[in-house]
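Each chain, letter by letter, is given below.
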Amino acid sequence: MTAPRSTDILILAPRGRDAELAQSVLARGGLTARHVDARDLLATLDEGVGAAVVTREALDEVRRPLTTWLAAQPPWSDFPLIVLASVRPGAPLDVRGLGNVTLLERPLAA
């Protein structure tokens with residue numbers, strides 16, 4: 001495995017083909033992305049990456065450590081976090097404490 005670069009994008013999507021599809025779409029745009037699991041997310045973030053894509057299901061699993069990691073960033077940092085979620089009436093997505101979040105509703109079109 002090669003060391004991450006500050007332009008790499010991490011993908012945390014443990015179900016189905018979400019990670020594979022996101023990686024493919026980003027590669028078509030000339031972006032380097034790689035799939036990580038919840039255990040490796042924070043360690044890989046500490047090594048330095050440009051952004052992260054997380055599914056709603058995965059966010060539920062890593063919310064606490066991710067929020068702590070984001071809070072520890074320098075004041076000038078604005079780490080981009082993209083959350084892929086199916087928005088359901090009556091089930092709002094709480095993104096408090098997650099900083100610079102972009103919410104993309106599923107299903108997505110490339």
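Quick look at the structure, then.

**Focus on the pairing of strand S3 (residues 51-55)**
Part 1 of the argument: Across the five residues that make up S3, a large majority, five, are buried.
Part 2 of the argument: Residues Ala51, Val53 and Thr55 point to one face of S3 and Ala52 and Val54 to the other, with burial holding for every one of them.
Part 3 of the argument: The pairing of strand S1 (residues 9-12) with S3 spans four bridges and is classified as parallel. Bridge assignment links Leu12 to a residue of S3, and that residue is Val54.

**A short note on the packing of aromatic side chains**
What describes a pair of aromatic rings is the distance from one ring centre to the other and the angle between the planes of the rings.
Part 1 of the argument: All told, the structure shown has one aromatic pair when counted by the stated rule.
Part 2 of the argument: Look at Trp69 and Phe79: their rings are 5.2 Å apart centre to centre, the planes differ by 80°, and that puts the pair in the edge-to-face class. Note that Trp69 is positioned in helix H3 (residues 56-71) and Phe79 in the loop between H3 and strand S4 (80-85), a separation of 10 residues in sequence.
Part 3 of the argument: On the accessibility criterion, Phe79 (10% relative accessible area) is buried.

**Regarding the environment of Thr7**
Part 1 of the argument: Along the chain, the position of Thr7 falls in the segment before S1.
Part 2 of the argument: In this structure Thr7 comes out as exposed when scored by relative accessible area, which is 53%.
Part 3 of the argument: Considered as a pair, Thr7 and Leu31 are 24 residues apart in the sequence and their alpha carbons are 7.8 Å apart.
Part 4 of the argument: With sequence-adjacent residues up to four places away left out, Thr7 is seen in contact with Thr32 and Gly50.

**Digging into the pattern of salt bridges**
Part 1 of the argument: Applying the stated criterion across every chain, the model contains two salt bridges.
Part 2 of the argument: In this structure, Glu20 engages Arg17 in a salt bridge whose closest nitrogen and oxygen atoms are separated by 3.3 Å.
Part 3 of the argument: The exposure class assigned to Glu20 is partly exposed, which follows from its relative accessible area of 47%.
Part 4 of the argument: Its relative accessible area of 49% is what places Arg17 among the partly exposed residues.
Part 5 of the argument: Of the charged contacts, one joins Asp37 and Arg39 as a salt bridge, the two residues approaching to 3.0 Å between their closest N and O atoms.
Part 6 of the argument: A relative accessible area of 26% means that Asp37 is categorised as partly exposed.

**A closer look at the packing of helix H2 (residues 38-47) against H3**
The description of two helices packed together rests on the angle between their axes and the distance between the axes.
Part 1 of the argument: As a packed pair, H2 and H3 sit with axes 10 Å apart at the nearest point and diverge in direction by 15°. Considering their axes alone, H2 and H3 lie roughly parallel with respect to each other. Considering how the two elements wind past one another, H2 and H3 form a crossing that is right-handed. Contacts between H2 and H3 involve Ala38, Leu41, Leu42, Leu45 and Asp46 on the former and, on the latter, Glu61, Val62, Pro65, Leu66 and Trp69.
Part 2 of the argument: The residue inventory of the contact of H2 with H3, partitioned by class, reads eight nonpolar, no polar and two charged.

Scoring rules and cut-offs
Residues numbered from 1 in each chain as written. Predicted model: local features only at pLDDT ≥ 70, side-chain atom pairs only at ≥ 80, totals over all residues. Heavy atoms only, no water. Buried < 20%, exposed > 50% of the residue type's maximum accessible area, 1.4 Å probe, protein only. Helix = DSSP H or I, 4+ residues; strand = E, 2+ residues; numbered from the N terminus. Pairing = 2+ DSSP bridges. Phe/Tyr/Trp six-rings, centres within 6.5 Å; stacked < 30°, edge-to-face > 60°. Contact = heavy atoms within 4.5 Å. Salt bridge = Lys/Arg side-chain N within 4 Å of Asp/Glu carboxyl O. Axes fitted to C-alpha atoms, helices over the stretch in contact; angles between N-to-C directions. Parallel < 35°, antiparallel > 145°, perpendicular 65-115°, else oblique. Left-handed = near helix turned anticlockwise from the far one by under 90°. Nonpolar A, V, L, I, M, F, W, Y, C, P; charged D, E, K, R; others polar.

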